Amino acid sequence: MLDPTLANGVITPASEGINWVPIKPATNGAFYSAIAQILIRDNTFDAVAMACPTQKAAEAAGYGGYTNATYLVITDENHPNYRKLMRAADAGLEEPPADPAATTQPTYYVVIDAATGAPALHTDAAKGDLFFEGEVNGVKVRTGFSMLRDSVNERTIDEYAEITGIPASEIERMGKEFGSHGYKVSVQAAAASTASVVGFDTPAGRELLKAMMGSNQMTGGSFPSGQSPVTEGKGACYDLTTIAGLPNVSAKNAAMISRGGKAWEKTDEYKNRVAAGEKDPKPMLPWYTNAPQSDAQAIMSIVNQYPYQCKILMTWMCNVIQATPGAMRDEAIEKLKDTSVLPLHIVCDIVVGEMAQYADYIVPDVTQYESFGLPTVSMIGGFGTTIRWEAKAPETAKTEDGRPICWETFLIDVAKACELPGWGENAIPDVNGQMHPFNDAYDYYLKGVANLAYAVEPVEDITPEEAHMQGLDELGDNWKKAVTAEEWPKVLKVLSRGGRYWPMDYKRGADGRFKGLKAKETYVYNEKRALMTNPYSGKRLSPTLNYNPQMFADLSLMTDHYSAEEYPFLCSEHKPKFRSVTMLANSPIMRDICAHNYMEINTEDAAELGIKDGDIIRAITPRGDVTEGEAMVRDGQVKGAFSIEFGYEHLAYGAQDVEIDGKLVKGDPAIAAGTRIHMMLDPVVAEHGGMGIIADTDASSPGRCGGMFKIEKA
Amino acid sequence: MSDKRLGMLIDLSVCIGCNACTVACRQENETPLTKFNTWVESWDAGIDGRVTRANLPKLCNHCANPACVKVCPTGASYQAEDGTVQVDPERCIGCKYCMAACPYQVRYQLESGEVDKCTFCHHRTTEGLLPACVSTCVTTSRMFGDLNDPDSDISKKLAAAGDKAKGLMEDRGMEPRVYYIGLDETLGAEQLSAVHKGGNVLRRREEGNA
Ligand code: SF4
Ligand code: SF4
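Each chain has its residues counted from 1, following the order in which its sequence is written. Written order decides the labels, with chains lettered from A and ligands numbered from 1. A pLDDT threshold of at least 70 governs which residues receive local features in this predicted model, and a stricter bar of 80 or more applies before side-chain atom pairs are shown or counted, although totals over entire chains, interfaces and linings include all residues. Side-chain measures here rest on the full set of heavy atoms in the structure, leaving out hydrogens and waters.

If you look chain B up in an unreviewed UniProt entry, it shows as 4Fe-4S dicluster domain-containing protein from Adlercreutzia faecimuris.

Looking at an unreviewed UniProt entry, one finds chain A named Molybdopterin dinucleotide-binding domain-containing protein and attributed to Adlercreutzia faecimuris.

Rendered as structure tokens:
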């Protein structure tokens, strides 16, 4: 288990076969590169799995997934398709005739067929040549794999050891072990300690290592988790996803406020500014060509009123301002409060946290025991879905027609008032095309439960005895009307079990693979990244895995801006046991068990700084942000970085005094106890007039871990 | 006495120190703030050059030879039919002799004067339920049952563990009936951080581990 902090888990003195290996935050790319280097050096990776150019070829060879490792990349700088994967036309190869029935036509890439040594369409080869470098049709090309070999060899194992803080001998040991179990290996990586400005290297490296051992979709390898029959989509009984008359809004005709999914040069702003005569204009906040939606970037866009003003902000059960490192600061909060910046802000929540504190309206929501949900938990291996259902009547106020006030009721009524499609009468189609109303939460969720009840093989009806035992025979007509009389006893059966799961074997094919085998491609060469240019510097990142030191928004190294000698420390956050990301500080029980968090610091680092366990210490960024808290001096923390549990140091949420109708209500300072990381803002964005968090330049997610700090006694 | 002898077995190799048991107990037994019938102590523990995190859940051991019962002048502290050690609040005069006599420091005084502690969820076990901490334990580290019944899960696991299962401070002669798997490794490891009770500091690093 590699982690900057020995946090929560089964690495105890009494457990066997599991070790904690401390790793410095924001260096996962170095670690993965080191392991890939060892696998290539020792030739212990699965060269057959890596060379299968299609799913069909992979399956024929006994695998569950394929890679683009053998696809040729155009490396001729003067070629119009430089950095792109070579297409059939570039190679002068003929494509098969287009299928007139298909809505999209496949793209034909080019490989050197391992059997013939000649260029071929990737779809025509059973195996490609992994190492080819040369010319095809007069164009200079090489395989993605050969580029990977170079990029993971940019540094030596000793250098990777220095960067990650993991001894070279330990890296060697892990590399050997990873390459010695065939496809029966996997890599799991997620959560806070992987989130940094170079966070993209984590999923990139994880997926590469899985593919290098041919472990995808293999029993005992990287077996897929988190599958379920369709519940909230086109299910066995109802279609909960198709909305007639849905407005056509997508990244093609609109811009996400979080600036993702669009290259800067493709924005209207860029085009307008160029048309107005500006040369090489730069955005106020970065655009992220390949990023998905991001709440953290959205909130920064809102406070900057860029790329456009957010006129109405509606959030549900989240506290984006607290959950975004570096965002919860006076300058940002002032903007959120300013109605000329954000005219209308509606929050729906069960508590008044920092986000709700600055809202114009708060719609009360209901708790997990009073509401519905059909979560498919990806960490659970089985096939199925858990049902959360209204186990007790909600305690919020009721509408005139008797519905509890909550998020769903609010959405339904506002949507109906705005005459949006998909709500009210004739909103939800069943499999026979008949339409059903959507007027309350039951109308939606119980149809999802019906989809689950009828999936694969319909469940049996609940017996009257069992329904009675669980009090399910007391449920009213407002529940029953959501499904048919025939579906109702099956819906109850699923509710009575809290969901529906199939045995693990349901997912295992007889051939040792995932039964639901789907095409699973791993990018060895990431063409999307290859073509992405940075909006500020025009620089590009490596299309194959490598180590990237921490960078600011223009891809300049952080250490080019600030002194690594003066600010030698990194930081990381980890999951708290006694708080959530933003909640639970209001619980007297939780506060009793844990009054506050700590600044966790390595024993040797502490000794060098003259810090003792229990001292109050400060971590200061080059831009003057101060994180202050009680030191926990421990060996369970990597050297060179401090760590904290998130969810502490509230500003609001009952911690503060408030005046309500002229009456002062005292806050409870215990709610504010502890510390949170006060991350610096991005100085490059500041140069362009924006207030921007440091962020992953691929995914746009916040730089939660890493940064630059000096630590001193307070 | 019936031939029942209730006890608990805690497998320290899989206790993740999540404290779900602490919270479940607080909610079940409504213990006052700052008082705990069960809690978990956690610290960094060095073993064979590895750094690990030790988690050690604690509670009344429902000893077979309990000092607390012996010193109680009123009989308020007593051993019940099922072998558990209970306190009758009606008879407790709040002299705190038991608190002084118990080497495990699992008893506390309520504001109303009586002494209280873990009951092994007597009100639940007599109804055929498990103690709240056991039924909530996310890794089934905690196991509970009749030590006198060789077919109970706990007896079987204890038998399989052999002398790997031990009670705390067995040398004190209380004959504790809370057993731990992995106690020697846990207590024998080098202490490499402060000891936390839940998330609060119980003992600073330099104070060592008790
Ligand atoms: S642990 Fe203490 S209170 Fe509990 S039975 Fe033993 S001596 Fe008595
Ligand atoms: S609930 Fe179980 S795993 Fe969690 S701390 Fe308690 S005993 Fe350990």
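Having seen the structure, we can now continue with the description.
### Regarding the overall build of chain B
Just so we agree on the cut-off: The way it works is that DSSP assigns letters per residue, a run of H or I at least four long becomes a helix, a run of E at least two long becomes a strand, and they are numbered from the N terminus. We compute the radius of gyration over the C-alpha atoms and compare it with the globule rule, which gives 2.2 Å times the number of residues raised to the power 0.38. Type-normalised accessible area, obtained with a 1.4 Å probe on protein chains alone, sets the label of each residue: buried when under 20%, exposed when over 50%, and partly exposed for intermediate values. Contacts were defined at the residue level, with two residues in contact if any of their heavy atoms lie within 4.5 Å. Methods summary: accessible areas were calculated by the Shrake-Rupley approach with a probe of 1.4 Å, and residue burial reflects only the protein chains presented. Residues scored as charged are limited to Lys and Arg (positive) and Asp and Glu (negative), so that His and the chain ends carry no count. By convention, the point assigned to a charge is CZ for Arg, NZ for Lys, CD for Glu and CG for Asp.
Helix and strand counts for chain B stand at 7 helices and 13 strands. Taking 2.2 N^0.38 as the reference for a compact globule, 210 residues should give roughly 17 Å; the C-alpha atoms of chain B span a radius of gyration of 17 Å, in line with that estimate. Residues classed as buried in chain B amount to 54% of the 210 residues present. Relative to all contacts within chain B whose residues are 6 or more apart in sequence, the contacts with residues 24 or more apart total 57%. Of the roughly 9300 Å² that chain B leaves accessible, carbon and sulfur atoms contribute 49%. Distance from the positive charge centre (24 side chains) to the negative charge centre (28 side chains) of chain B: 4 Å.

### Some remarks on the domain arrangement of chain A
Residues and elements named next belong to chain A. Put simply, the rule reads: Source of the domain bounds: an automatic or database domain assignment. Summed over both partners, the accessible surface that disappears when two parts come together, traced with a 1.4 Å probe, is what is meant by buried area. Whenever a carboxyl oxygen of Asp or Glu lies within 4 Å of a side-chain nitrogen of Lys or Arg, that contact is scored as a salt bridge. By the convention adopted, Pro, Cys, Tyr, Trp, Phe, Met, Ile, Leu, Val and Ala count as nonpolar, Lys, Arg, Asp and Glu as charged, and the other residues, Gly among them, as polar.
What the domain assignment reports for chain A is domain 1 (27-96 + 106-222 + 514-530), domain 2 (225-237 + 294-512) and domain 3 (550-713). Distance from the C-alpha centre of domain 1 to the C-alpha centre of domain 2: 39 Å. Domain 1 puts 4 residues into the contact, and the matching count from domain 2 is 6 residues. For domain 1, the biggest contributors to the area lost against domain 2 are T219, F514 and K515; these three give 80% of the whole. Taken together, the connections running from domain 1 to domain 2 amount to 0 salt bridges. A breakdown of the residues in the side of domain 1 that touches domain 2 according to their chemical character gives 2 nonpolar, 1 polar and 1 charged.

### Topic: the UniProt feature "domain: Molybdopterin dinucleotide-binding" (unreviewed entry) in chain A
As a reminder, the rule being used: UniProt positions are given in the numbering used here, feature names are shortened, and annotations may be inferred rather than shown by experiment.
Look at the UniProt record and you will see "domain: Molybdopterin dinucleotide-binding" (unreviewed entry) annotated at residues 576-650 of chain A. Between the end C-alpha atoms of residues 576-650 of chain A the distance is 14 Å, and the span holds 17% helix and 31% strand.

### Concerning helix α8 (residues 201-212) of chain A
Count 3.6 residues to each turn of an α-helix, and residues three or four apart come out pointing the same way. All names here are of chain A. Using the following cut-off: To estimate the expected span of a helix, subtract one from its residue number and multiply by 1.5 Å.
Between its first and last C-alpha atoms α8 spans 16 Å; for 12 residues at 1.5 Å apiece the expected length is 16 Å, and the two agree. Taking burial as the measure, the 12 residues of α8 include 10 buried ones, the bulk of the element. When α8 is considered as a whole, its buried residues turn out to be D201, T202, G205, R206, E207, L208, L209, K210, A211 and M212. Two residues or fewer past α8, G214 is found with a positive phi of approximately 60°.

### What to know about the interface of chain B and chain A
Convention followed: Two N or O atoms count as a polar contact when they lie within 3.5 Å, although within protein this holds only if one can serve as hydrogen donor and the other as acceptor, and sequence-adjacent residues are included solely when both atoms are side-chain atoms.
Facing the 40 residues of chain B at the interface are 31 residues of chain A. Buried surface at the junction of chain B and chain A, summed over both partners, amounts to about 2800 Å²; 55% is from carbon and sulfur atoms. Counting every contact that joins chain B to chain A gives 5 salt bridges. Across the pair R204 of chain B and E630 of chain A runs a salt bridge whose closest N-O atoms are separated by 2.9 Å. Applying the counting rule to chain B against chain A returns 22 residue pairs in polar contact (both at pLDDT 80 or more). Those elements that provide at least two residues to the side of chain B that touches chain A are α1 (20-29), β2 (38-47), β3 (50-59), α7 (183-188), β12 (195-197) and β13 (200-203) of chain B.

### Some words on the packing of aromatic side chains
The line we're drawing: A pair of Phe, Tyr and Trp rings is counted when the ring centres sit within 6.5 Å of each other, with Trp represented by its six-membered ring. The angle between the planes then sorts it: under 30 degrees is stacked, over 60 is edge-to-face, the rest tilted. Only when the NZ atom of a Lys or the CZ atom of an Arg is both within 6 Å of the ring centre and within 35 degrees of the ring normal do we say a charge sits over the ring.
Under the counting rule described, the total for this entry stands at 23 aromatic pairs over all chains. An angle of 10° between the planes, with centres 5.8 Å apart, marks the rings of W316 of chain A and W407 of chain A as stacked. Taken together, the residues span a long stretch of sequence, with W316 of chain A in strand β9 (residues 312-316) and W407 of chain A in helix α14 (residues 407-417) at a distance of 91 residues. Exposure remark for W407 of chain A: the relative accessible area of 15% places this residue in the buried category. Relative to F709 of chain A, the ring of F642 of chain A has its centre 5.1 Å away and its plane inclined at 85°; by these criteria the two rings are edge-to-face. In this pair, F642 of chain A is assigned in strand β21 (residues 641-645) and F709 of chain A in strand β24 (residues 706-713), connecting sequence segments 67 residues apart. Ring-pair connections join several aromatic residues into one group, and the members of that group are F372, W389, W423, F438, Y442, Y444, Y445 and W479 of chain A. Directly above the ring of Y506 of chain A sits K515 of chain A, whose terminal nitrogen or CZ lies 4.5 Å from the centroid. Taking NZ or CZ as reference, K197 of chain B lies 4.5 Å from the ring centre of W39 of chain B, over its face.

### Here we look at the site of ligand 1
Filter applied, for reference: Here a residue is considered near a molecule or strand provided that any single heavy atom belonging to it is located within 4 Å of it.
In the neighbourhood of ligand 1, the contacting residues comprise C60, N61, H62, C63, P66, C68, V85, C102, Y104, V106, R107 and K117 of chain B. When the residues that make up the shell around ligand 1 are grouped by side-chain class, the tally is 8 nonpolar, 2 polar and 2 charged.

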